[in-house]
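So the chains spell out like this:
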Amino acid sequence: MKTPLHLNLLKEEEHFSSSPVRLRVMMPTAAVFVALCSIAWFFLLVGKVHTQAHLNEKLKQAVASITPVYAAVLDSRAQEQEYRAMARQLGIYTNSRILFGESLSLIAARVPSCIQFTEMRIPQPTLADPAHPSAAPTNRFEQVFLRISGRTSGDHPSEAVNTLLAELRTPVFTNLLRSVSIPKGAFRQDNARSASNRDTLLFEITCECQPRRFE
Amino acid sequence: MNLDLSSLKRLAPSMRWVIGITFAAVIVSGLVIGFGVRTQLAALRAVNAEIAERNATASQMQSDISKADLQKKATAKAFADLDTLSASGVIEPLLGSFAMRSKSLLDPIAQRAGFHIDSVRELTPITLQLPQPPPGQVHYRQPIEFTGQGSYAQITTFISQTENTYPMTMLSSLLILSQPQTPETHRAIITFEWPVRGEKPKGLTNGTKK
């Protein structure tokens, strides 16, 4: 019986795989390919960065060229806002205006004949926070008062003063006067005058006017 | 990792070349990607971001510039509105004096009303109360005090006509005092308030006299 003899005379490194893809060829080929690709990628990126930097520079120049025109537009816009703010300020001032002339004219005709005014006063405006007068005020209401001092005599002086108070409370004056009152102790005898005029009574009327509204 | 050089030496020269080339290629790839590509990618991202920002800025600027004519018209209209408002009552100083300006404006009215003006003086300006005061406030309340004499009717006519003639002028304070020696003629201190324009003056007070 014959026994087949298998004789292998090849060295190990001389063996060829039966596979068509040989590792010892593919591995360096792939590695070199990857290296070449990465180099190519690098150069592509360099080119792209250069192009974009050029584009960026052109954009920068374009922006710089329109900046003066744009600045003029911005100036114009700022100017408009400033004008409008100034107009708003005047609008606020105008809204706060109270008219006295007509009401003051009408008072004369409504004073009873036995009453004589000695003083009529509208005090200076006072701000709510006198501790910080120079700071820009935020209180937008300003109280206004009209104070009338006078004297009366005759048979019924208190009635005459009451009549005057009632007249000042009529709708003719409500546009200006919000409340009319005689403060406590402000209706009194005139002790300073001579004995013959002791019948004369002094009075003070405080009228709270409509407030000035700065809004 | 231990690199056994003796095992490498046992390999055939061709195999050693294969390993060497592969190893070198991997090193080159790593270096190129690690130092070159990554740096360029970062630079590209930065420059792209800058371009995007510049594009946005440029398009915003172009958009605003395209509305320049409209803006000019709006500014001109705002100025005209302000001018109209100002002309109706904002006073300018006459040779540096608001008092003299007011006197020049109110003298004719006082003459018509029969009120005799003795003296005029300027009081300390008052800050205009605003919801949100601007940093450089430009309008103030300028009280001008007129001292004079006249009958009650003459005084009230003077006040009424002033209010009617100047729609921004307001009676700020008033004092009418009867005079025993002249029962029909009273002494009056009338303070009119005018809006004035100017830089924010230092030391504004709450309307106290100078």
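A. Representation of the overall build of chain A. A count of helices and strands for chain A gives three helices and seven strands. Out of the 215 residues in chain A, the part that is buried amounts to 18%. Of the contacts formed within chain A by residues at least 6 apart in sequence, a portion of 71% connects residues at least 24 apart.

B. Region of interest: the overall build of chain B. Across its full length, chain B carries five helices and five strands. When each of the 210 residues of chain B is scored for burial, the buried share is 30%. Sequence separation of 24 or more characterises 67% of the internal contacts of chain B that already satisfy a separation of 6 or more.

C. Inspection of the interface of chain B and chain A at higher detail. Taken residue by residue, the interface counts 72 residues in chain B and 71 residues in chain A. At the level of elements, α2 (13–66), α3 (68–87), β2 (126–127), α5 (152–165) and β4 (170–179) of chain B are the ones that each hand at least two residues to the side of chain B that touches chain A. Ranked by residue count, the leading element in the side of chain B that touches chain A is α2 of chain B, at 27 residues. Looking at the side of chain B that touches chain A, its residues break down into 44 nonpolar, 22 polar and six charged. One ladder, built from four bridges, connects strand β1 (residues 115–122) of chain A with β4 of chain B; its direction is antiparallel. Bridge assignment links Arg 121 of chain A to a residue of β4 of chain B, and that residue is Leu 175 of chain B.

D. Region of interest: the domain arrangement of chain B. Looking at chain B, the domain boundaries give domain 1 (11–65) and domain 2 (93–197). One C-alpha centre belongs to domain 1 of chain B, the other to domain 2 of chain B, and the line joining them spans 79 Å.

E. The packing of helix α1 (residues 23–95) of chain A against α2 of chain B, seen in detail. Put simply, α1 of chain A and α2 of chain B touch, their axes get as near as 6 Å, and they point 15 degrees apart. It follows from the interaxial angle that α1 of chain A and α2 of chain B lie roughly parallel. In this structure, α1 of chain A crosses over α2 of chain B, and the sense of that crossing is left-handed. Taken together, the residues of the contact of α1 of chain A with α2 of chain B sort by class into 38 nonpolar, ten polar and six charged.

F. Spotlight on the packing of helix α2 (residues 101–110) of chain A against α5 of chain B. Running from N to C, α2 of chain A and α5 of chain B point in directions that differ by 160 degrees, and their axes come no closer than 8 Å. By the angle class used here, α2 of chain A and α5 of chain B are roughly antiparallel. Every pair of crossing elements has a handedness; the one defined by α2 of chain A and α5 of chain B is left-handed. Two secondary-structure elements touch here, α2 of chain A through Gly 101, Glu 102, Leu 104, Ser 105 and Ala 108 of chain A and α5 of chain B through Tyr 152, Ala 153, Thr 156, Ile 159, Ser 160 and Glu 163 of chain B. Considered class by class, the residues forming the contact of α2 of chain A with α5 of chain B number five nonpolar, four polar and two charged.

G. Main features of the domain arrangement of chain A. The assigned domain composition of chain A is domain 1 (26–95) and domain 2 (101–127 + 141–213). Inter-centroid distance (C-alpha atoms) of domain 1 of chain A to domain 2 of chain A is 73 Å.

H. Structural view of α1 of chain A. Here α1 of chain A spans only 94 Å end to end across 73 residues, well under the 108 Å set by a 1.5 Å rise per residue. A bend of about 45 degrees at Thr 67 of chain A is the largest found in α1 of chain A, and the proline Pro 68 of chain A appears one to four places after it. The inward-facing, buried residues of α1 of chain A abut α2, α3, β3 (139–150) and β5 (182–197) of chain B.

Quick notes on the rules
- Residues numbered from 1 in each chain as written.
- Chains lettered and ligands numbered in written order.
- Predicted model: local features only at pLDDT ≥ 70, side-chain atom pairs only at ≥ 80, totals over all residues.
- Helix = DSSP H or I, 4+ residues; strand = E, 2+ residues; numbered from the N terminus.
- Buried ≥ 20, exposed ≤ 12 C-beta atoms within 10 Å, placed from the backbone.
- Contact = placed C-beta atoms within 7 Å.
- Nonpolar A, V, L, I, M, F, W, Y, C, P; charged D, E, K, R; others polar.
- Pairing = 2+ DSSP bridges.
- Domains from an automatic or database assignment.
- Axes fitted to C-alpha atoms, helices over the stretch in contact; angles between N-to-C directions.
- Parallel < 35°, antiparallel > 145°, perpendicular 65-115°, else oblique.
- Left-handed = near helix turned anticlockwise from the far one by under 90°.
- Expected span 1.5 Å × (residues − 1).
- Bend = angle between axes of the 7 residues up to and from the residue.

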